[in-house]
Amino acid sequence: MSIETDYAASQPKSGKLKIAVGIAAVVVVVGAIALDTKVVHIGSENDVRQQAFSSETYGVEQFPKIAADVEKRAVPAAELAPAALADKKAAGEKYGVATTTGPVLPVSFSGVVGERKGNINEVKVDGLPPEVVIRMQTGPAINGTDLRDATGTIEFGQFTNQIEYQDAGSAINNEMKKAVLGSIDPTQLTGKTVTVTGVFKLINPKNWLVTPVKVEVK
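What you are looking at is a predicted structure, and each value in this text was computed from that prediction instead of being measured.

(A) Representation of the overall build of the chain in the model. Across its full length, the chain carries seven helices and six strands. Starting at the N terminus and walking to the C terminus, you meet the elements of the chain as α-α-α-β-α-α-β-β-β-α-α-β-β. Of all 218 residues assigned to the chain, the portion counted as buried reaches 35%. For the chain, the proportion of contacts with a sequence separation of at least 24, taken over those separated by at least 6, is 68%. Surface accessibility of the chain: about 13,000 Å² in total, with carbon and sulfur atoms responsible for 57%.

(B) Main features of the pairing of strand β4 (residues 133-137). Inspection of the sheet shows strand β3 (residues 120-124) paired to β4 by four bridges, in the antiparallel sense. Within the sheet, the bridge partner assigned to Val-123 lies in β4 and is Ile-134. Pairing geometry for β4 and strand β6 (residues 207-217), over four bridges, is parallel. Note that in β6 the partner of Val-133 across the bridge is Asn-207.

Reading the values: the criteria
Residue positions within a chain follow its written sequence, with the count starting from 1. Given that the model is predicted, a residue must reach a pLDDT of at least 70 before its local features are reported, and side-chain atom pairs must reach 80 or more before they are shown or counted; all residues, however, enter totals for whole chains, interfaces and linings. Excluded from the side-chain calculation are hydrogens and water; included are all heavy atoms of the structure. A run of DSSP states H or I qualifies as a helix once it reaches four residues; a run of E qualifies as a strand once it reaches two. Both are numbered from the N-terminal end. Three labels apply to residues, based on accessible area from a 1.4 Å probe with only protein chains included: buried if under 20% of the type maximum, exposed if over 50%, partly exposed otherwise in between. Should any heavy atoms of two residues lie within 4.5 Å, those residues are considered in contact. The accessible surface values rely on the Shrake-Rupley method and a 1.4 Å probe; as for residues, cover is taken only from the protein chains in view. A pair of strands is labelled paired if DSSP reports no fewer than 2 bridges between them.

Given below as structure tokens:
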């Protein structure tokens, strides 16, 4: 057989080899894609996570849980005030939940509502050291993230970014306004007796700014 004949005979085999190699490469690529692909069933937990974050829905879901936790752990102000004045750090560690800007403490008290300044009312509580002043956020604006941080179960890592984390705190505050302060006219509270359960950040032991989770007006 001539050289030309041998070369010609080899051509089909070479073509088949190239096709086989090509198919193998495609199989490898498809397999790699399959391994890196996660099947998410509609309505499953993973499907919910991939949906856009709704701060309003989050606030509705989380506030009742936060309120229940705070009510369960709330410390009477008459017990908490002397402890905070005596040893701020120890009181924070014993009663509170640590945050980067200070511990958030749960508290309960009854007192007479005083003068309203801005979105805040002072509450005169009997049985406290005279240097301790308690103020309560009564809206309409509710500031801070004390409610979000009160339980220690809501953390930055649970959110996509800082904006969502901040929106979560605002949404919880908004839901508290609806659930707790919605039926209360803050301009008419002065002189009335209230029973309050709430939280505050222990920065100055003599000055508490309480965000409520429950308010009863008598």
